[in-house]
Amino acid sequence: MDTDLQSAKIKPFIQNLHRQLDQLRPTLDSFTSKSLDDQLISTSDEMVKLDLINKYAYVLTSLMFAYMKVLGVKDTKGIAGELARVKEYMSKVTDLKLKLERKLNHVQDEKTRAKELMVSALNRGHDSPAISSANFKGKHTKFNQKDEKKDSLETMTNRIIKNKKTKGKIVKPSK
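Note that the structure is a prediction, hence the values are computed from the model and not measured.

**Q** Help me understand the packing of helix H3 (residues 46-71) against helix H4 (residues 77-122), please; the structure alone is not making it clear to me.
**A** Pairs of packed helices are described in terms of their axes, by the angle between the two and the distance that separates them. One way to put it is that H3 packs onto H4 with a least axis distance of 9 Å and a crossing angle of 155 degrees. Our classification of the angle between H3 and H4 gives roughly antiparallel. In this structure, the crossing between H3 and H4 has a hand that is left-handed. Between H3 and H4, the contacting residues are Met 47, Leu 50, Asp 51, Asn 54, Ala 57, Tyr 58, Thr 61, Ser 62, Met 64, Phe 65 and Met 68 on the first element and Ile 79, Ala 80, Glu 82, Leu 83, Val 86, Lys 87, Tyr 89, Met 90, Val 93, Leu 96, Lys 97 and Leu 100 on the second.

See below:
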């Protein structure tokens, strides 16, 4: 009876372990669908490669640690040290990503500042562009295009007539 009570207490833990293993299986399948070398060759991004290697190391080390615990191995210092080393590498990669992100943000900020400075310099410190409706307020003379065409047509006709009279000599129009 005592063993039935113990097994009843352990069954929920075993069922929970099976559910977690079922959730882990797709992730492991994606890791093992190709060899690590093939996955590393297929990508050219160094950060992706670092992440992939760290994930492999973490999964393998964690599984080894869990397996040793299941077997009842008392001395897990070696595998625990390896797990700590892998976690340290993962934190270094995270720090590197943050550093690169800050650098990228800094470059973007510098570009934005440079653009604002150029716009400000071109606008001579004004908020609005130099050529705007505000700069064209006041009295302006409008020219009638029909009159201009008439004048230019008459002027050209007069030149041609004068040119014929002077027999090919070019005569400057009188003002």
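**Q** Can you help me understand the pattern of salt bridges in this one?
**A** Charged atoms that come close allow side chains of opposite charge to pair. A complete count under the given rule lists six salt bridges for this structure. One salt bridge in this structure joins Arg 85 and Glu 82, with 2.2 Å as the shortest N-O distance. Placement of both Arg 85 and Glu 82 in helix H4 is noted, with a separation of three residues, approximately one turn of the helix. Residue class for Arg 85 comes out partly exposed when judged on its relative accessible area of 36%. The exposure class of Glu 82 is partly exposed, given its relative accessible area of 29%. Across the pair Lys 92 and Glu 88 runs a salt bridge, and its minimum N-O distance is 3.6 Å. Taken together, the residues span about one helical turn, with Lys 92 and Glu 88 both in helix H4 at a distance of four residues. The partly exposed category is assigned to Glu 88, whose relative accessible area is 42%.

**Q** What should I look at first to understand the side chain of Thr 43 in this one?
**A** Here Thr 43 is to be found in the loop between helix H2 (36-42) and H3. By relative accessible area, which is 17% here, Thr 43 ends up buried. A distance of 3.4 Å separates the side chain of Thr 43 from the backbone nitrogen of Asp 45, its partner in a polar contact.

**Q** Before we go on, may I ask you to explain H4 in this structure?
**A** Note: α-helices contain 3.6 residues per turn, so residues at a spacing of three or four share the same orientation. For H4, which comprises 46 residues, the first-to-last C-alpha distance of 67 Å matches the rise-based estimate of 68 Å (1.5 Å per residue) to within 8%. Tucked into the core, H4 has its buried residues touching H3.

**Q** I keep staring at the confidence of the model for the protein and nothing clicks. Help me out?
**A** Interpretation of this model should avoid reading the predicted coordinates in detail wherever pLDDT is low. Of all residues in the protein, 74% attain a pLDDT of 70 or more, and the chain-wide mean is 80. Mean pLDDT across the secondary structure elements of the protein bottoms out at helix H5 (residues 145-165), with 65, and peaks at H4, with 91.

Cut-off values and rules
All chains use their own residue numbering, which begins from 1 and follows the written sequence. Given that this is a predicted model, residues contribute local features only at a pLDDT of at least 70 and side-chain atom pairs are listed and counted only at 80 or more, while totals for whole chains, interfaces and linings are drawn from all residues. Water and hydrogen atoms were dropped before computing side-chain values, which therefore reflect all heavy atoms in the structure. Helix axes are fitted to C-alpha atoms over the stretch in contact, other axes to C-alpha atoms as well, and angles between N-to-C directions run from 0 to 180 degrees. The secondary structure listing takes helices from DSSP runs of H or I that are at least 4 residues long and strands from runs of E that are at least 2 residues long, numbered from the N terminus. Under this scheme an angle from 65 to 115 degrees is roughly perpendicular, one under 35 degrees roughly parallel, and one over 145 degrees roughly antiparallel; angles in between are oblique. Left-handed describes a crossing whose near helix is turned anticlockwise from the far helix by less than a right angle; the clockwise case is right-handed. In what follows, residue pairs with any heavy atoms lying within 4.5 Å of each other are defined as contacts. For this analysis, a salt bridge means a side-chain nitrogen from Lys or Arg found within 4 Å of a carboxyl oxygen belonging to Asp or Glu. Any residue under 20% of the maximum accessible area for its type is buried, any over 50% is exposed, and the rest in between are partly exposed; the area is computed with a 1.4 Å probe on protein chains only. Think of a polar contact as two N or O atoms within 3.5 Å of one another; within protein, one of them needs to be a possible hydrogen donor and the other a possible acceptor, and neighboring residues in sequence only count if both atoms come from side chains. Take the number of residues in a helix, subtract one, and multiply by 1.5 Å to get its expected span. Values of pLDDT, ranging from 0 to 100, describe the predictor's confidence in every residue of the model.

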